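Tertiary structure, described
In case you want the letters, here they are:
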Amino acid sequence: MNWFARIERSIADFVERAFARSFPSDLEPAQVARKLVAVMEAQTRSAVDGGTRAPSGYEARVSEVDYERLEEHRDYLERQWSDLLEDCAARVGITFSDGPARVKMIARPDLPAGTVDVRVEPEPTVAEAIDVDPHHRFFLHMVQGAPAYGVFALESSTLIGRSESSDVFLLDPGISRVHARIDIYDGVATIADCESTNGTFVNDARIERHVLSDGDEIVVGSTRMRVEIRD
């Protein structure tokens, strides 16, 4: 039996408490709530530290007709849906990747009335996440860790660590103060471990020095970052 089947009664009680009085003849908010929980379950992944982690942001997409009917209560509904995800996650030991759970209700003209389409909030693109210098070609894109969805542009020499003086400063207790260094020379990026306590991994293999390719995943402590090389 999966986690959310075990707490189905709790979800039902929560939904009734949150929505029954405000929407006595309308089940749409409760249907959205159940869909949100199902999507959170489907998106939950094992973390490097042995725990389980789910995305923090979700979009509840509804038809324009339903949105117009529910818009008056939008703030209330979004808070209640977010609280429900927090409640369910706490019961089964799930943590969220980027702060507390958050839900936004969005109107979509392509959806028929009564239809709910729940999506994980899209990640920002590199251009949205930072003011990209056209001279930068190498980036680290956060996959797991904080800041969630962060993007770091790499310089000719970039230090990764827990020290605030690091170029890539990471709040991760499993990372050394000076953990690793990425050097870029003649269009090639190389990562080297700086005698860290827990090691540096590229594509799940521990390394001392490694030439990076587009799509490589670097793991330091509980933090996972993906290498992006732009033409």
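Nothing here was measured: the structure is a model prediction, and the numbers come from that model. (Residues numbered from 1 in each chain as written. Predicted model: local features only at pLDDT ≥ 70, side-chain atom pairs only at ≥ 80, totals over all residues. Heavy atoms only, no water.)

**What to know about the nonpolar core**
Side chains of nonpolar character tend, in soluble globular proteins, to be buried together. For clarity, the cut-off: We call a set of buried residues a nonpolar core when its members are Ala, Val, Leu, Ile, Met, Phe, Trp, Tyr or Cys and they connect through side-chain atoms within 4.5 Å of each other. Relative accessibility under 20% of the residue-type maximum defines a buried residue, over 50% an exposed one, and the middle range a partly exposed one, all with a 1.4 Å probe and only protein chains included. In this description a helix means any DSSP run of H or I spanning at least four residues, a strand means any run of E spanning at least two, and both kinds are numbered starting from the N terminus.
If you look at the biggest cluster of nonpolar residues, it comprises 26 residues, and the most contacted ones within it are Leu36, Met40, Tyr58, Trp81, Leu85, Phe96 and Val103. At the level of elements, α3 (28-43), β3 (57-63), α4 (64-70), α5 (74-92), β4 (94-96), β5 (102-108) and β6 (116-120) are the ones that each hand at least two residues to this core. With seven residues, the single largest contributor to this core is α5. If you look at the next biggest cluster of nonpolar residues, it comprises 21 residues, including Leu154, Ile191, Ile207 and Val227.

**Examining the confidence of the model for the protein chain**
Segments scoring low in pLDDT should not have their predicted coordinates read at a detailed level. Cut-off, in case you're wondering: Within a predicted model, pLDDT stands for the predictor's per-residue confidence, ranging from 0 to 100. For this analysis, residues touch if any pair of their heavy atoms sits within 4.5 Å.
In the predicted model, the protein chain carries a mean pLDDT of 81, and 79% of its residues have values of at least 70. Across the protein chain, strand β13 (residues 200-202) holds the top mean pLDDT of 97, while helix α6 (residues 126-129) sits lowest at 45. Counting contacts from residues 125-134, a segment whose pLDDT is below 50, to residues more than four positions away or on other chains yields 14 contacts.

**Details of the sheet that holds strand β17 (residues 223-229)**
Rule in force here: Strands are labelled as partners when DSSP assigns at least two bridges between them. Axis lines are fitted to C-alpha atoms, over the contacting stretch for helices. Their N-to-C directions set the angle, which ranges from 0 to 180 degrees.
Spatially, the six strands line up as an open sheet ordered β8-β7-β17-β16-β13-β14, and their pairing is antiparallel. Each edge of the open sheet carries a strand with a single partner, namely β8 (151-153) and β14 (205-207). This sheet shows a mean twist of 30° between the axes of neighbouring strands, independent of strand direction. Note: β13 against strand β16 (residues 217-220), three bridges, orientation antiparallel. Residue Phe201 lies in a different strand from β16, and its bridge partner there is Val219.

**Focus on α5**
We apply this condition: A helix is expected to reach a length of 1.5 Å times the quantity of its residues less one.
Here α5 is 19 residues long and its end C-alpha atoms lie 28 Å apart, about the 27 Å a rise of 1.5 Å per residue gives. Burial in α5 covers these residues: Leu77, Glu78, Gln80, Trp81, Ser82, Leu84, Leu85, Cys88, Ala89 and Val92. Positive phi shows up at Gly93, right after α5, with a value of about 80°.

**Thoughts on the pairing of strand β9 (residues 157-161)**
Taken residue by residue, a regular strand's side chains alternate between the two faces of the sheet. Of the strand pairs in this sheet, β9 and strand β11 (residues 180-185) are connected by four bridges, and their pairing is antiparallel. Along β11, the bridge assignment pairs Thr158 with Ile182. Where β9 meets strand β10 (residues 168-169), two bridges bridge the pair, whose relative direction is parallel. Across the sheet, residue Gly161 finds its bridge partner in β10, namely Phe169.

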